[in-house]
Structure formats: C-alpha cells, structure tokens
Amino acid sequence: MKLTGLALPGQCRQGLLTNVAKMYNIRFRKRLMPRTLTDLSAMVFMSLAIPAVYWFEIYVVAPTVYNWILNILHTILGTYFVINIIGNFMAIIAVDTSTQGLLLPSQVPPGWHVCAICESTAPPRSRHCITCNMCVLKKEHHCVFAGCCVGLGNHRYFYMFLLLMWVSTMYCSCLNACFIWPYVGGFNLWALVRLVLPGVWLMLEPSLDTLYAFLFSINVIGFLFMSVLMYYYTGLLVTNTTTRENNNPKGQSYNYGREHNIKVTLGERWYLTWVFPTLSSPLPYDGLDWSVQTEEKSVRPKTK
C-alpha cells in the first residue's frame, strides 16, 4: 500500500499556521520588534508591569484582604484576566494590518490615493506610518506600547486590551485601597505624598513597603489613564471613526449605525470578543473596499 501526500513536520506546521490565518481572516507580521527606542522602552515597561501587578495582587494583596474562598476566586479570575490581557497585547503586535503583500491596483480607483513613500496606490482610510514605514489599512494610530500601528486587523485586540485593562485596574485600585494604608503609615497627608510620588520614595527608601506603594500608584495611574482612553476610543468605535477622521470632520463619514459601526472594528461576533483573543469574529470589510455595505443599503428594497 502506497501512501501519498504526506507532509514533512515543518510543512505541517506551516500548513497549520496558514489554515489558522485563513480561518480568522488575519495576516501575521514578519517583524515583531519595535523600530524605535521609545517604542521598545514602552513595550518593555508594559511587558514587565502586567506580570508585576499580577504577582502583587495574587500573592500579596488578596491573601491579606480576602478569606481563603474569596482568595481562590480572586486567583482564578485574576489569572483569566491576565492571560486574556497578554493574549490581546500579543495579538496587537503579531497581526499585520498593513497593505504589504496585498494585490493593489496600478490605477487609482475612486476614493483611493497614491502613497509617494510606498510608491503604490493606497485604499480609502489607509495612511502611511512614518515609524512603521508602511501604509496601514484603516489606520487608527501608532501605539508606542505595542511598537506598531493599530489598524483594521488588530483594532479589535487593541480595544479589548483597553477594556480588560480598564476593568482590571479599577478593581485592583479599589482592592488595594483596603490594603496599602498600614504600609504607608496610615491615612494622612504624608502618606498621600508618598503615594503621589512613589518612584521618588522607592529610590530614597527602597523596601517592600515602598514597592507596594509603588505598585498601588501604578494601578491608580493606570486606571485614570485607561479611563481617558476608553472614553475616547469608545466614542470613535460607536461612530466608526478613526482619530484622523475625527480631527477632520469635513471628510467622508462612515457612520452607518451603532451596531454596524461596532462590527467594523470587533467583527460579526462583537459581543463575544471579550471572552478570548483567539475567538473568531470575522470583519465585514477587507480594508480595500468600503462601499459594499453602503451599496447594499442603497439598493435594498423598502418593505412595508
């Protein structure tokens, strides 16, 4: 009996990655490392801060504040959240949202433009990123913490990362408020000064107490920072608007209703995207043609 069509182990792995990419309609970046020192520093900080805060909450705060039942529940939920957060953060970095590798027309279709730097045509809503040195589909912005651009392909993971970080830092800030005061000398003006300037205090008096205060302040600052970002990017999400389009309101509007707008970023299964980053949620647009949904709406017959 002759067996045919058997692939080598390396070919099997490549085929599996190809099938996964097709299943989720995504492409992967070839270069994952940041291109600038600023981006690299921000990425390293985020990569260290998330596990450090997780350790602090699970092994220091929870055993002090909770009984053993609540501590177990806190550990399970905390582990789920941190895995979810790291997964979305890695997806922001790994998913390719550029125009590189796509078949672009040689002529300039209506609504398209020419990128002089890439020396090629570029679809509507795409813009060139000087840092990444490429055009990005439905470019939102360049994220220094991920060291890459947020665009059509990874916008979902960016928003879920913000949402999960916002919920986590809000919860941790409230929990830590019940834990930190004995370590900073009680609730008084000097303790507040220490918490406002945790980095200075940590350098002047390095100890576990100052480290705890430093991690507490990171949580509070992170919650305030994430609150501002959530307010801003949620407004853009529900109106299907990018930062550039928001700053230029005279341009074309892509606002076709709240549910449709949410699907443009989070996909058809938008209500489940918080569960885990590997959950499939196909996007309604490919980033090249933004007229399909509009044309279908305009020719759809009215019903009584």
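Nothing here was measured: the structure is a model prediction, and the numbers come from that model.

(A) Main features of the overall build of the protein. In terms of helices and strands, the protein carries ten helices and six strands. Of all 304 residues assigned to the protein, the portion counted as buried reaches 40%. Of the contacts made within the protein by residues no fewer than 6 positions apart, 59% connect residues no fewer than 24 positions apart.

(B) Up close: the layout of surface pockets. Estimates place the volume of the largest pocket at around 870 Å³. Considering the residues around the largest pocket, the lining is formed by 43 residues, among which Ile50, Met165, Ser168, Thr169 and Asn219 are closest to the centre. Of the residues contributing to the lining of the largest pocket, the split by class is 33 nonpolar, nine polar and one charged.

(C) Highlighting helix H2 (residues 37-65). Given a rise of 1.5 Å per residue, 29 residues ought to cover 42 Å, and the 40 Å separating the end C-alpha atoms of H2 matches this to within 8%. By the largest-angle criterion, glutamate 57 marks the main kink of H2, which is about 35°.

(D) Quick look at the confidence of the model for the protein. The pLDDT averaged across the protein works out to 82; a share of 78% of its residues lies at or above 70. The low-confidence segment residues 1-24 (pLDDT under 50) makes seven contacts with residues lying over four places distant or belonging to another chain.

(E) How the structure looks around the side chain of threonine 243. Within the secondary structure layout, threonine 243 lies in helix H8 (residues 243-247). For threonine 243, a relative accessible area of 18% translates into the label buried. Within polar-contact distance, the side chain of threonine 243 engages the side chain of glutamate 140 at 2.2 Å. Here tyrosine 232 takes part through its side chain, which lies 3.5 Å from a polar atom of the side chain of threonine 243.

(F) Examining the nonpolar core more closely. Counting 31 residues, the largest nonpolar core has Phe89, Ile92, Ala146, Phe158, Phe161 and Leu162 as the members making the most contacts within it. Looking at this core, the elements with two or more residues in it are H2, helix H3 (68-94), strand E6 (148-150), helix H4 (155-177), helix H7 (208-239) and helix H9 (258-266). Here this core gets eight residues from one element, more than from any other, and that element is H4. Residues contacting leucine 162, with those up to four places away along its chain left out, are Met226, Leu229, Met230 and Tyr233. Ranked by size, the runner-up nonpolar core spans ten residues in total, among them Phe56, Val60, Ile180 and Ala213.

(G) Main features of the pattern of salt bridges. Applying the stated criterion across every chain, the model contains four salt bridges. Here aspartate 96 and arginine 27 are joined by a salt bridge, their closest N and O atoms 3.3 Å apart. Within this pair, whereas aspartate 96 is found in the loop between H3 and strand E1 (113-115), its partner arginine 27 is found in the loop between helix H1 (9-24) and H2, the two being separated by 69 residues in sequence. With relative accessibility at 15%, the residue aspartate 96 sits in the buried group. With a relative accessible area of 27%, arginine 27 lands in the partly exposed category. For the salt bridge of lysine 263 with glutamate 268, the shortest nitrogen-to-oxygen distance reads 3.7 Å. One network of salt bridges, in which partners are shared, links Glu259, Lys263 and Glu268.

(H) Spatial organisation of the packing of H2 against H3. For the pair H2 and H3, the least separation of the axes is 10 Å and the interaxial angle reads 175°. Classified by the angle between their axes, H2 and H3 sit roughly antiparallel to one another. Across the interface between the two elements, Met43, Met46, Ser47, Ile50, Tyr54, Glu57, Ile58, Ala62 and Pro63 of H2 pack against Asn71, His74, Thr75, Gly78, Thr79, Val82, Ile85, Ile86, Phe89 and Ile93 of H3. Counted by class, the contact of H2 with H3 contains twelve nonpolar, six polar and one charged residues.

(I) The packing of aromatic side chains, seen in detail. Counted under the stated rule, the structure contains eight aromatic pairs. Taking the centre distance of 5.8 Å and the plane angle of 90° together, the rings of tyrosine 80 and phenylalanine 81 count as edge-to-face. The class for tyrosine 80 is partly exposed, based on a relative accessible area of 29%. Between tryptophan 270 and tyrosine 271, the ring centres sit 5.7 Å apart and the planes meet at 80°, which makes this aromatic pair edge-to-face. Each member of the aromatic cluster is reached from another via a ring pair, and the members are Phe158, Tyr232 and Tyr233. One cation-aromatic arrangement involves arginine 125 over tyrosine 254; the distance from NZ or CZ to the ring centre is 4.1 Å. One Lys or Arg, arginine 125, reaches over the ring of tryptophan 290 and ends 4.7 Å from the middle of that ring.

What counts and how
- Residues numbered from 1 in each chain as written.
- Predicted model: local features only at pLDDT ≥ 70, side-chain atom pairs only at ≥ 80, totals over all residues.
- Heavy atoms only, no water.
- Helix = DSSP H or I, 4+ residues; strand = E, 2+ residues; numbered from the N terminus.
- Buried < 20%, exposed > 50% of the residue type's maximum accessible area, 1.4 Å probe, protein only.
- Contact = heavy atoms within 4.5 Å.
- 1 Å grid on protein atoms, 1.4 Å probe; cavity = no way out; pocket = protein on both sides within 12 Å on 5 of 7 lines; lining within 4 Å.
- Points joined across faces, edges and corners; volume = space filled by probe spheres on them.
- Nonpolar A, V, L, I, M, F, W, Y, C, P; charged D, E, K, R; others polar.
- Expected span 1.5 Å × (residues − 1).
- Bend = angle between axes of the 7 residues up to and from the residue.
- pLDDT = per-residue confidence, 0-100.
- Polar contact = N/O pair within 3.5 Å; in protein donor to acceptor, adjacent residues only side chain to side chain.
- Core = buried A, V, L, I, M, F, W, Y, C linked by side-chain atoms within 4.5 Å.
- Salt bridge = Lys/Arg side-chain N within 4 Å of Asp/Glu carboxyl O.
- Axes fitted to C-alpha atoms, helices over the stretch in contact; angles between N-to-C directions.
- Parallel < 35°, antiparallel > 145°, perpendicular 65-115°, else oblique.
- Phe/Tyr/Trp six-rings, centres within 6.5 Å; stacked < 30°, edge-to-face > 60°.
- Lys NZ or Arg CZ within 6 Å of the ring centre and 35° of its normal.

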